[in-house]
Amino acid sequence: METAVGVLVFVVVLLGSIALHEVGHMVPAKRFGVRVSQYMVGFGPTLWSRTRGETEYGLKALPLGGYVRLIGMYPTDDAVGAGSPRSWWQRVAADARAASAEEIHPGEDHRAFYRLSTPKKLVVMLGGPVMNLLIAVVLMLVTYVGIGVPVAGTTVQSVSQCIVAVDAPAGTTCTPDDPAAPAAAAGVRPGDRLVSYDGVAVTSWPQVSGLIRDSGGRTVTLVVERDGREVDLTVTPVFEERPVTDDDGMVVTDAAGETVTRVVGFLGVAPVSVVERQSVGKAVSVAASATWQTAQVVVTLPQRVSDLVSTTVSGGERDQTSIVGPVGVGRFAGEIASMDGETVGVRAAALLSVLAVLNLALFLFNLLPLPPLDGGHVVTALWEGARRQVARLRGAPRPRPSDSALLVPLAYTVFVVLGGVGLLLVYADIVNPVRLSG
């Protein structure tokens, strides 16, 4: 049931993200006078639709995207001075211009999209991706500021009984020959709350962790609160090779995927995990970091698709860095919703974080400068605007609108390629899914 709820939440938020993305296109288009004939969420057969005013609003069967139909997306033959098509490419472009022209009602040529100025075209085209960015930021704020995220507290959850090598297999147990861990030898117990370390008041786990790393080989005083009273202990951290972690407590790996280690002071205690609300600044910082990381994935998409093809063909196991599609993200949602030992708040925060990253991916992916993506239309508008500015500076007549219909064959090609990648992702996510945990 929990898994089903998680998947349902994912589907609802995905549909909402698609719907709001298209709202980001539709609202400015209508404000600029462009007639919007259709607003659809999904592709394929129409499940439901209603016409309000001059726009048909509907829901289609496949929730893999959406669209708004803006009349006059492509300039007419007369507007671009098109002659008779002499190649397949030109015939496809001519058909696109003809189909676009048929949508323009008599006397409404001034309401065609191609008539907009360059700044207005950019606002319309960027409205959708920016909406996804706003959704991601809102979800991050709700997660970090409203709900809170698990962080390491200052109370001891567990105490290592011995010193285990950093490369020891998971689940390795102590043997009589293993040296005792400093914390266990000093009498630290699970449930102790760290009060001060080496005379420094403890306010957070990252702080005390840094103090421990810097005190290897020295004997220091550790004050803990136990059963309502303070207890003074003497500990001597040893030098050990330990994994390097980032600010979020994640283990750092090198380019080959190997764990990065360094020799630091080791005490042998692990903290409890507590849910703690973060500041708005922290939420914005996390959103910025996630945007940068997602951008790196989008930029390296061709290589990642190639790796996915190789893994799928060879039957190899996909790692955590593999790209996933809607089915894979739906699996993540199900896994998160059914996590054992976690509160509803923790699971909700994790689920919202995944959905925020999904919207960041939609934001950046749609900015790729390829038709039929929004970025392709942005590049076309910028090119047209640049031509107009050059003509103005040279005192030349205003140039004709750019014949964006010439990009339609390329748009068809990109659409087919993206469709193929989508089918590959669906297949891989079903037969060889990426899992959040082993």
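Structure: see above.
About the thresholds
- Residues numbered from 1 in each chain as written.
- Predicted model: local features only at pLDDT ≥ 70, side-chain atom pairs only at ≥ 80, totals over all residues.
- Heavy atoms only, no water.
- Phe/Tyr/Trp six-rings, centres within 6.5 Å; stacked < 30°, edge-to-face > 60°.
- Buried < 20%, exposed > 50% of the residue type's maximum accessible area, 1.4 Å probe, protein only.
- Axes fitted to C-alpha atoms, helices over the stretch in contact; angles between N-to-C directions.
- Helix = DSSP H or I, 4+ residues; strand = E, 2+ residues; numbered from the N terminus.
- Left-handed = near helix turned anticlockwise from the far one by under 90°.
- Contact = heavy atoms within 4.5 Å.
- Nonpolar A, V, L, I, M, F, W, Y, C, P; charged D, E, K, R; others polar.
- Core = buried A, V, L, I, M, F, W, Y, C linked by side-chain atoms within 4.5 Å.
- Salt bridge = Lys/Arg side-chain N within 4 Å of Asp/Glu carboxyl O.
- Expected span 1.5 Å × (residues − 1).
- Disulfide = S-S within 2.5 Å.
- Patch = residues over 30% accessible without salt bridge, like charges linked within 9 Å, V, L, I, M, F, W, Y side chains within 5 Å.
- Areas by Shrake-Rupley, 256 points an atom, 1.4 Å probe, with all protein chains shown as cover.

### With respect to the packing of aromatic side chains
Item 1. One pass over the full model with this rule turns up 3 aromatic pairs.
Item 2. Considering the side-chain rings of W88 and W89, the 6.1 Å spacing of their centres and the 80 degrees angle between planes classify their relative orientation as edge-to-face.
Item 3. Residue classification places W89 among the partly exposed positions, given a relative accessible area of 39%.

### Topic: the packing of helix α1 (residues 2-31) against helix α10 (residues 344-365)
Two packed helices can be described by the angle between their axes and the distance between those axes.
Item 1. α10 packs onto α1 with a crossing angle of 35 degrees between their chain directions and a minimal axis gap of 11 Å. By crossing handedness, the relation of α1 to α10 is classed as right-handed. Contacts between α1 and α10 pair E2, G6, V9, F10, V13, L14 and S17 from the former with R347, L351, L355, L358 and N359 from the latter.
Item 2. Partitioning the contact of α1 with α10 into residue classes produces 7 nonpolar, 3 polar and 2 charged.

### Examining the nonpolar core
Item 1. One finds F10, L70, F113, V124, M140 and L355 to be the most contacted residues of the largest nonpolar core, which totals 39 residues.
Item 2. Elements that contribute at least two residues to this core include exactly α1, β1 (36-52), β2 (55-70), α4 (118-147), α7 (280-299), α9 (326-337), α10 and α11 (374-394).
Item 3. The element contributing the most residues to this core is α4, with 8 residues.
Item 4. Formed by 19 residues, the second largest nonpolar core is a distinct cluster that contains V159, Y197, V208 and L222.

### Focus: the pattern of salt bridges
Side chains carrying opposite charge are able to pair once their charged atoms draw close together.
Item 1. All told, the structure shown has 13 salt bridges when counted by the stated rule.
Item 2. Ionic pairing is found between R97 and D403, a salt bridge with its closest N-O pair at 2.8 Å. Of the two residues, R97 sits in helix α3 (residues 88-102) while D403 sits in the loop between α11 and α12 (408-431), which places them 306 residues apart along the sequence.
Item 3. What makes R97 buried here is its relative accessible area of 5%.

### Looking at α1
Item 1. In this model α1 runs 43 Å from its N-terminal to its C-terminal C-alpha over 30 residues, within 8% of the 44 Å that 1.5 Å per residue would give.
Item 2. Positive phi shows up at G33, right after α1, with a value of about 95 degrees.

### Section: the state of the cysteines
Item 1. Counted under the stated rule, the structure contains 1 disulfide.
Item 2. Linked covalently through their sulfurs, C162 and C174 form a disulfide whose S-S length is 2.0 Å. What sets the handedness of the C162 and C174 disulfide is the S-S torsion sign, and at about -90 degrees it is left-handed. Of this pair, C162 sits in the loop between β3 (149-159) and α5 (182-186) while C174 sits in the loop between β3 and α5, placing them 12 residues apart in sequence.

### Quick word on the side chain of R347
Item 1. Tracing the backbone shows R347 in helix α10.
Item 2. Here R347 falls in the buried class, since its relative accessible area comes to 14%.
Item 3. Setting aside residues up to four positions removed in sequence, R347 forms contacts with E2, I336, A337, M339 and E342.

### Remarks on unusual backbone geometry
Item 1. Here P371 and P372 are connected by a cis peptide whose omega angle stands at 10 degrees.
Item 2. With phi around 55 degrees, D198 is a residue other than glycine that occupies positive phi space.
Item 3. The backbone of D227 shows a phi angle near 55 degrees, a positive value even though the residue is not glycine.
Item 4. Checked against the element boundaries, D227 lands in the loop between β6 (220-226) and β7 (229-235).
Item 5. Taking the relative accessible area as the measure of exposure, D227 reaches 75% and is therefore exposed.

### Remarks on a nonpolar patch on the surface
Item 1. A cluster of nonpolar side chains, contributed by W88, W89, L406, L407 and L410, occupies part of the molecular surface with about 460 Å² of accessible area.
Item 2. Relative to the helices and strands, W89 is located in helix α3.

### Regarding the side chain of N359
Item 1. With respect to the helices, strands and loops of the structure, N359 is situated in helix α10.
Item 2. Taking the relative accessible area as the measure of exposure, N359 reaches 0% and is therefore buried.
Item 3. The contact partners of N359, leaving out residues within four places of it in the chain, are S17, N132, I135, A136 and L139.

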